Amino acid sequence: RDRETATALSSRGLTVSGTIQARASHTSEPVTTAGSVDRRKTSLDVPVAILGFTGSLYRDYQEGRNLNYTLRLGASPLGNGTQFLNLLDANLTYALRPTIDQADGQLNVTFGQQLLPFGLEVPATEDLKPVINNAQFASKLGLAQRQIGVIVRGDLDPTVDYGYNYRAPLLAYALGWVNGAGPNVSDNNSAKDFVGRLAFTAPSDYSSWLRQLTLGASVYHGKQNRLIGSTFVAQGKRERVGVDFSYNHEPFGITFEAIRGEDGTVSGSANAPVYGTVKSKSHTATFFYNFGEQFVKGYRAQARFDDWWPKSYQPFVRVDRFDPNTAAQNDAVDIDTLGLNIFFAQTSKFQLNLNRTHDRARQLKYRDVLAQFQFGF
Amino acid sequence: RDRETATALSSRGLTVSGTIQARASHTSEPVTTAGSVDRRKTSLDVPVAILGFTGSLYRDYQEGRNLNYTLRLGASPLGNGTQFLNLLDANLTYALRPTIDQADGQLNVTFGQQLLPFGLEVPATEDLKPVINNAQFASKLGLAQRQIGVIVRGDLDPTVDYGYNYRAPLLAYALGWVNGAGPNVSDNNSAKDFVGRLAFTAPSDYSSWLRQLTLGASVYHGKQNRLIGSTFVAQGKRERVGVDFSYNHEPFGITFEAIRGEDGTVSGSANAPVYGTVKSKSHTATFFYNFGEQFVKGYRAQARFDDWWPKSYQPFVRVDRFDPNTAAQNDAVDIDTLGLNIFFAQTSKFQLNLNRTHDRARQLKYRDVLAQFQFGF
Amino acid sequence: RDRETATALSSRGLTVSGTIQARASHTSEPVTTAGSVDRRKTSLDVPVAILGFTGSLYRDYQEGRNLNYTLRLGASPLGNGTQFLNLLDANLTYALRPTIDQADGQLNVTFGQQLLPFGLEVPATEDLKPVINNAQFASKLGLAQRQIGVIVRGDLDPTVDYGYNYRAPLLAYALGWVNGAGPNVSDNNSAKDFVGRLAFTAPSDYSSWLRQLTLGASVYHGKQNRLIGSTFVAQGKRERVGVDFSYNHEPFGITFEAIRGEDGTVSGSANAPVYGTVKSKSHTATFFYNFGEQFVKGYRAQARFDDWWPKSYQPFVRVDRFDPNTAAQNDAVDIDTLGLNIFFAQTSKFQLNLNRTHDRARQLKYRDVLAQFQFGF
């Protein structure tokens, strides 16, 4: 009876989830926007609210070749975002190979709007990102945008330690074809963009010091419309190549990514266009340290209430540099971050970030303090 | 305990549902939009994502005179839609007559924003439409728009076959009054538009060859503001009359709709307006054939897992013509579709449509290929 | 099994709720909007649809110092609202003091986007408001806008009658700091606005005639950007002071609020600005009477079906006046409302309001009839 009148039902497997951020910030460089913002140094914000609906359309009990779906909607009032809920992810994933045995390689294909499998930071959803602000390359090189397309993700030859519920594939790969025009629009040309990633993890036992040492390489290869005025002149290239390294050995961890971009440009007049290329480069490195009890699904949790959750602390340092044009002098932006994450409940954390920015193009140095609760259901 | 911490609760009966489309398309006629789209022939799209919340506010256990609600939100990034979630349906339905006995006629009244009961294609929700693109008249005559109003729907003298869970009323009717200004706005004049429908189904047993032979007629009678420049000159008429026929006899089925429209127009100057009328006509016919096992709620499903779902296949042919002005020559648009629907899970289907379009006004003939997964929860 | 495939799950405690309004209205003063609306006197509308997600992130079983969240999304197509779903509330509430014992004072802190604790009408969510249209001061003085900030709410020395599940604190207080720039934007200046409220309830038993006699005072003290053209000239003050009184003694009830506002203004030129102040005042009083059986969580409900719900009726009278500038003559607007609320199901009511408006500035007197179903889940 309770089920009928006081429970949310669905016709397929469905998990409802959400992620919300509430932030307080201070900057040493006041912000003024003509006609609306007058020398703001502090602000309280709800930067992001995301609603997710995920589940299974078809469950294959024999082989685990399941068909799953994801629908994610979000509003991001901060910055150039929007206060309205729009479509983030909408896709369908099918397991091409059986998923019953963890020791088998996996192979999934996802069709629809989704995040790109490029490096470490780009494919992380909002609830998993360690730093409040994204690495600069993610937005400045357009990689953080969701894309509509079909992406195959798989892995080979995993090391499995059933005791620790640990699974580390020797080789993980992803390759896909996407519009390249961003989310919620049809493609703006006929060229489809290619994205691929290959990651090699050192084979090791759970107890080895090599555990979770991963080396990866990613490539994005596409075309973008280039215009002079409103006349299409050419489809310039849009290349991004990245290498990444991560080593996550409790209690320490380190991640590093370096990305190079190359964008075709046109200038001059529509009748006599001049073709060019802008090369950009970027890198970001993060070092973190964990302490405090962590939640491990295991015997420790057995005698506890269901809302027992140990606090854990994660101080970190990040350096992040983005150079938008390697041919130009003095245009790189450095952002160094000193941060602390406090995990205090299952889906909640408190984040404190101190950012020091050196913006050479605008000849500015400033500091930001960001304090944020991220919580969800 | 699981109920408390890991189940979505509600204070009234609630079913959460969703419908998502992920599509790949190819056209023989490249699309160019000044300043943004450069000769697109192919695109990957998420045309529609809909989120629905339905349930019961008040359940009458004695007579089944229930009070139900519907809230549906959707984003439709493709075409002239929007990437933001907006309000589709929001209404309240009350059963004026008891619904306990299926052999009784039913009578419901629905108040709020809803689909119009006009013909066959217009009142179908997105998850039930057989063809990827709607029939032309639905959008070109403005009938596919949700309207805000009050609509009474009922039926009389149903033939009921309890064994097959089959119910076919001899006469079904609907009549309502709506703003006529479309969804999510107040009315734009004081005139309320009338919509009515009458459908006659041949009385027959479940086994009769006349089963599911239905003849219907629909009428929409309203007013629209007519302006010259920004001056209101008159409220022109807005009439649509439709007849429809459907015969659904396994494994074959056929549906046919013919619609005529009449719209008052004004031209000339605001001081000396010239009144006129534009008449349009349209028809669409669909022939389909089903094969493969179909899911019937019955003994076959009893020994199966809950996710057993037989595949079924539905090839179809549709012809669709819209003539926007019967007084003008060479302005009709023909769209012929050869299609295949594959139902592979309870709420999911794969759709393949080949469209051949003959647009006389633009003097174009082109072909489109659309492949789409439609899935939901 | 049902739980797995046909129930909406979540990873934290979650209650999904919604509020929808469907309205019919008639006005004696036709509405014309250049180019779109032609002398409208009647309209059918879905003024508001709200979707809410609330729950607990962390439940403290020992002391009840819980951590709760609220996410509310809404579309309000009517008037200057929007048809798109946007973010209404997004916040996190922590109980600073134990909540196990009802006889203890409580103290909660809420961080994020939320309603202001100012008077009686402003902090009421849409499903709790007695009158269809809000009191004028709520929107005209900007108090009905959600704000982003941190607000502490608490109470002291409550009178508790466990038998009737009745709790009335002697003193309730709230104080907070908010951006003052409204919802879904960063602050537009560095000044944070202060809001505070103090309410005194007569200490009394459940049976006393003094029960639910409350006197309150609220203050809002902030800054707003003042511009001449697009040049920032000053940050003018933005003050609101309110007193309120409510006495809710079955079957009668009365509420009264009086609010004064003071806004800094600038005029003249940007080089020689002239500073001024506009003072406004407003009051609203509502008298209501309840009859019919009311639902009380108690023995009466025990032998009933779970959807048994007694009807109750609430006729009321409201007078509402807003004077936008006390220095100007003949600019006050009076709205008198005669209304009836019929509560016919747990989360649903029917509302009928007759409004008589005297708009002195526009020299208009007109009457409106509004009939509305408000329902939710």
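Just so you know, these numbers come straight off a predicted model, no measurement behind them.

(A) Representation of the overall build of chain A in the model. From N to C terminus, chain A includes 2 helices and 19 strands. Computed over C-alpha atoms, the radius of gyration of chain A comes to 23 Å, within 12% of the 21 Å expected from 2.2 N^0.38 for 377 residues, which places it in the range of a compact globule. With respect to the principal axes defined by its C-alpha atoms, chain A has extents near 70 × 50 × 45 Å. Out of the 377 residues belonging to chain A, those deemed buried represent 49%. Considering only contacts in chain A between residues 6 or more positions apart, those separated by 24 or more positions represent 57%.

(B) Here's a closer look at empty space enclosed by the protein. All names here are of chain C. Counting across every chain of the model gives 4 cavities of 30 Å³ or more. Here the largest cavity defines a volume of roughly 60 Å³. In terms of lining residues, the largest cavity is bounded by Val131, Asn133, Asn134, Ala135, Arg318, Asp320, Ile335, Thr337 and Asn355. Of all elements in the fold, only β16 (312-323) and β17 (333-345) reach the threshold of two or more residues within the lining of the largest cavity. Grouping the amino acids of the lining of the largest cavity by side-chain chemistry returns 3 nonpolar, 4 polar and 2 charged.

(C) Quick peek at the nonpolar core. Ranked by size, the top nonpolar core spans 78 residues in total, and within it A:Phe53, A:Leu71, B:Phe53, B:Leu71, C:Phe53 and C:Leu71 carry the most contacts. Non-local contacts of A:Phe53, meaning those with residues more than four positions away in its chain, are made with A:Leu14, A:Thr15, A:Val16, A:Tyr69, A:Thr70, A:Leu71, A:Leu73, B:Val16, B:Leu51 and B:Phe377.

(D) Here's a closer look at the interface of chain C and chain B. Contact with chain C, which involves 52 residues of that partner, is made by 53 residues of chain B. Taken over both partners, the interface formed by chain C and chain B buries close to 4500 Å², and the fraction arising from carbon and sulfur atoms is 61%. Viewed at the interface, chain B and chain C are joined by 0 salt bridges. In this structure, the connection of chain C to chain B is made through 16 residue pairs in polar contact (both at pLDDT 80 or more). Contributing elements (two or more residues each) for the side of chain C that touches chain B: α1 (2-6), β1 (8-9), β2 (14-33), β3 (37-45), β4 (49-58), β17 and β19 (364-376) of chain C. Relative to β2(C), strand β1 (residues 8-9) of chain B runs parallel, the two being bridged by 2 bridges. Its bridge partner being in β2(C), B:Leu9 is matched across the sheet by C:Thr15.

(E) Broad picture of the interface of chain A and chain C. On the side of chain C, 52 residues touch chain A, which itself brings 52 residues to the contact. Buried surface at the junction of chain A and chain C, summed over both partners, amounts to about 4500 Å²; 61% is from carbon and sulfur atoms. On the surface where chain A and chain C come into contact, there are 0 salt bridges. The tally of links between chain A and chain C comes to 16 residue pairs in polar contact (both at pLDDT 80 or more). Looking at the side of chain A that touches chain C, the elements that each hand over two or more residues are α1 (2-6), β1 (8-9), β2 (14-33), β3 (37-45), β4 (49-58), β17 (333-345) and β19 (364-376) of chain A. For the side of chain A that touches chain C, the residue count by class is 23 nonpolar, 17 polar and 12 charged.

(F) Highlighting the pattern of salt bridges. Evaluation of the coordinates by the stated rule reveals 39 salt bridges over all chains. A salt bridge links B:Asp336 to B:Arg356; its shortest N-O distance comes to 3.1 Å. On the criterion of sequence distance, the pair formed by B:Asp336 in strand β17 (residues 333-345) and B:Arg356 in strand β18 (residues 348-359) is long-range, its members being 20 residues apart. Residue classification places B:Arg356 among the partly exposed positions, given a relative accessible area of 45%. When salt bridges with common partners are traced through the structure, they connect A:Arg72, A:Asp89 and A:Arg146 into a single cluster.

(G) Just the relation of the copies chain A and chain C, in detail. Structural alignment of chain A on chain C gives an RMSD of 0.0 Å, achieved by rotating through 120° and translating 0.0 Å along the axis. The two molecules are tied by a three-fold rotation axis, judged by turn and shift.

(H) Seen up close, the pairing of strand β10 (residues 193-201) of chain A. Residue and element names in this part refer to chain A. Strand direction decides the pairing type here: strand β9 (residues 166-178) and β10, joined by 8 bridges, are antiparallel. Counterpart to alanine 174 in the pairing with β10 is arginine 197. For β10 and strand β11 (residues 213-228), the ladder comprises 8 bridges, and the chain directions are antiparallel. Within the sheet, the bridge partner assigned to glycine 196 lies in β11 and is valine 219.

(I) Examining a nonpolar patch on the surface more closely. Residue and element names in this part refer to chain A. A surface patch of nonpolar side chains, amounting to about 810 Å² of accessible area, comprises Phe252, Ile254, Phe287, Tyr289, Phe291, Val317, Leu338, Leu352, Leu354 and Val369. Position of phenylalanine 252 among the secondary structure elements: in strand β13 (residues 252-268). For phenylalanine 252, a relative accessible area of 43% translates into the label partly exposed.

(J) Fine view of the side chain of A:Thr284. Residue and element names in this part refer to chain A. By secondary structure assignment, the location of threonine 284 is in strand β14 (residues 273-289). Residue class for threonine 284 comes out buried when judged on its relative accessible area of 3%. For threonine 284, the side chain forms a polar contact with the main-chain oxygen of valine 319, separated by 3.3 Å. Contacts of threonine 284, omitting those with residues within four sequence positions, involve Ala135, Phe137, Thr255, Phe256, Glu257, Arg318, Val319 and Asp320.

(K) Highlighting unusual backbone geometry. The phi angle at A:Arg39 is positive, at roughly 45°, despite the residue not being glycine. You can see A:Arg39 is positioned in strand β3. Residue classification places A:Arg39 among the exposed positions, given a relative accessible area of 52%. The backbone of C:Asp157 shows a phi angle near 50°, a positive value even though the residue is not glycine. Along the polypeptide, C:Asp157 turns up in strand β8 (residues 147-161). In this structure C:Asp157 comes out as exposed when scored by relative accessible area, which is 52%.

(L) Main features of the confidence of the model for chain A. Residue and element names in this part refer to chain A. When pLDDT is averaged along chain A, the result is 89; 94% of the residues meet or exceed 70. Low pLDDT (under 50) marks residues 298-303, which in the prediction has 4 contacts with non-local residues, meaning those over four places away or in another chain. If you check the scores for this complex, the pTM reads 0.92 and the ipTM reads 0.91.

(M) Examining the packing of aromatic side chains more closely. Scanning the entire structure with this criterion turns up 33 aromatic pairs over all chains. Their ring planes at 85° and their centres at 6.1 Å tell us that C:Phe344 and C:Phe373 sit as a pair that is edge-to-face. Of this pair, C:Phe344 sits in strand β17 while C:Phe373 sits in strand β19, and the two are 29 residues apart along the sequence. Looking at C:Phe344, the relative accessible area reads 16%, which means it is buried. In this structure C:Phe373 comes out as partly exposed when scored by relative accessible area, which is 25%. Taken together, the ring pairs in this structure connect A:Phe252, A:Phe287, A:Tyr289, A:Phe291 and A:Tyr313 into an aromatic cluster.

(N) Summary view of the environment of A:Phe200. Residues and elements named next belong to chain A. Secondary-structure assignment places phenylalanine 200 in strand β10. We classify phenylalanine 200 as partly exposed; its relative accessible area is 41%. Phenylalanine 200 sits 39 residues away from glutamate 239 along the chain, and the two C-alpha atoms are 22 Å apart. Other than its neighbours up to four places away in sequence, phenylalanine 200 contacts Leu170, Leu171, Leu213, Thr214 and Leu215.

(O) Representation of the side chain of C:Glu239 in the model. Residues and elements named next belong to chain C. Position of glutamate 239 relative to the elements: it lies in strand β12 (residues 231-249). Within the local environment of glutamate 239, its side chain forms a polar contact with the side chain of histidine 221, the two groups lying 3.0 Å apart. Excluding anything up to four places from it in sequence, glutamate 239 contacts Tyr220, His221, Arg260, Gly261 and Glu262.

Scoring rules and cut-offs
- Residue positions are given per chain, counted from 1 along the sequence in the order it is written.
- Going through the entries in the order they are written, you letter the chains from A and number the ligands from 1.
- Note on the predicted model: pLDDT of at least 70 is required for a residue's local features to be given, and 80 or more for side-chain atom pairs to be given and counted; whole-chain, interface and lining totals, by contrast, use all residues.
- No hydrogens and no water enter the side-chain calculation; it runs on all heavy atoms of the structure.
- Secondary structure follows DSSP: runs of H or I at least 4 residues long count as helices, runs of E at least 2 residues long count as strands, and numbering of each begins at the N terminus.
- When we talk radius of gyration, it's over C-alpha atoms, and the globule rule is simply 2.2 Å times the number of residues to the 0.38.
- Categorising residues by exposure relies on relative accessible area from a 1.4 Å probe, with only protein chains included: less than 20% of the type maximum marks a residue as buried, more than 50% marks it as exposed, and the intermediate range marks it as partly exposed.
- Here, residues are in contact when the closest pair of their heavy atoms is within 4.5 Å.
- Method remark: on a 1 Å grid restricted to protein atoms, a set of points is classed as a cavity if a 1.4 Å probe fits but cannot get out and as a pocket if it is open with protein on both sides within 12 Å along at least five of seven lines; lining residues have an atom within 4 Å of a point.
- Grid points are joined across faces, edges and corners, and a volume is the space filled by probe spheres set on the points.
- We call Asp, Glu, Lys and Arg charged. Ala, Val, Leu, Ile, Met, Phe, Trp, Tyr, Cys and Pro are nonpolar, and the rest, Gly among them, are polar.
- Only buried Ala, Val, Leu, Ile, Met, Phe, Trp, Tyr and Cys residues count toward a nonpolar core, and they belong to the same one when joined by side-chain atoms within 4.5 Å.
- The term buried area means the drop in 1.4 Å probe accessible area that two parts suffer when joined, counted for both and summed.
- Put simply, a salt bridge is a Lys or Arg side-chain nitrogen that is within 4 Å of an Asp or Glu carboxyl oxygen.
- In protein, a polar contact means a hydrogen-donor-capable atom and an acceptor-capable atom, both N or O and within 3.5 Å, with residues adjacent in sequence counting only if both atoms are side-chain atoms; elsewhere, any N or O pair within 3.5 Å suffices.
- When DSSP finds at least two bridges between two strands, those strands are taken to pair.
- Residues reaching a pLDDT of at least 70 in both copies supply the C-alpha atoms on which the copies are superposed by least squares.
- Patches in this entry comprise residues that are over 30% relatively accessible and not in a salt bridge; like charges within 9 Å are linked, as are nonpolar side chains (Val, Leu, Ile, Met, Phe, Trp, Tyr) within 5 Å.
- All accessible-area figures derive from a Shrake-Rupley calculation using a 1.4 Å probe, and residue coverage is judged against the displayed protein chains alone.
- By definition, pLDDT measures how confident the predictor is in each residue, and it falls between 0 and 100.
- The pairing test for Phe, Tyr and Trp rings, Trp by its six-membered ring, is centres within 6.5 Å, and the orientation test on the planes gives stacked under 30 degrees, edge-to-face over 60, and tilted for anything in between.

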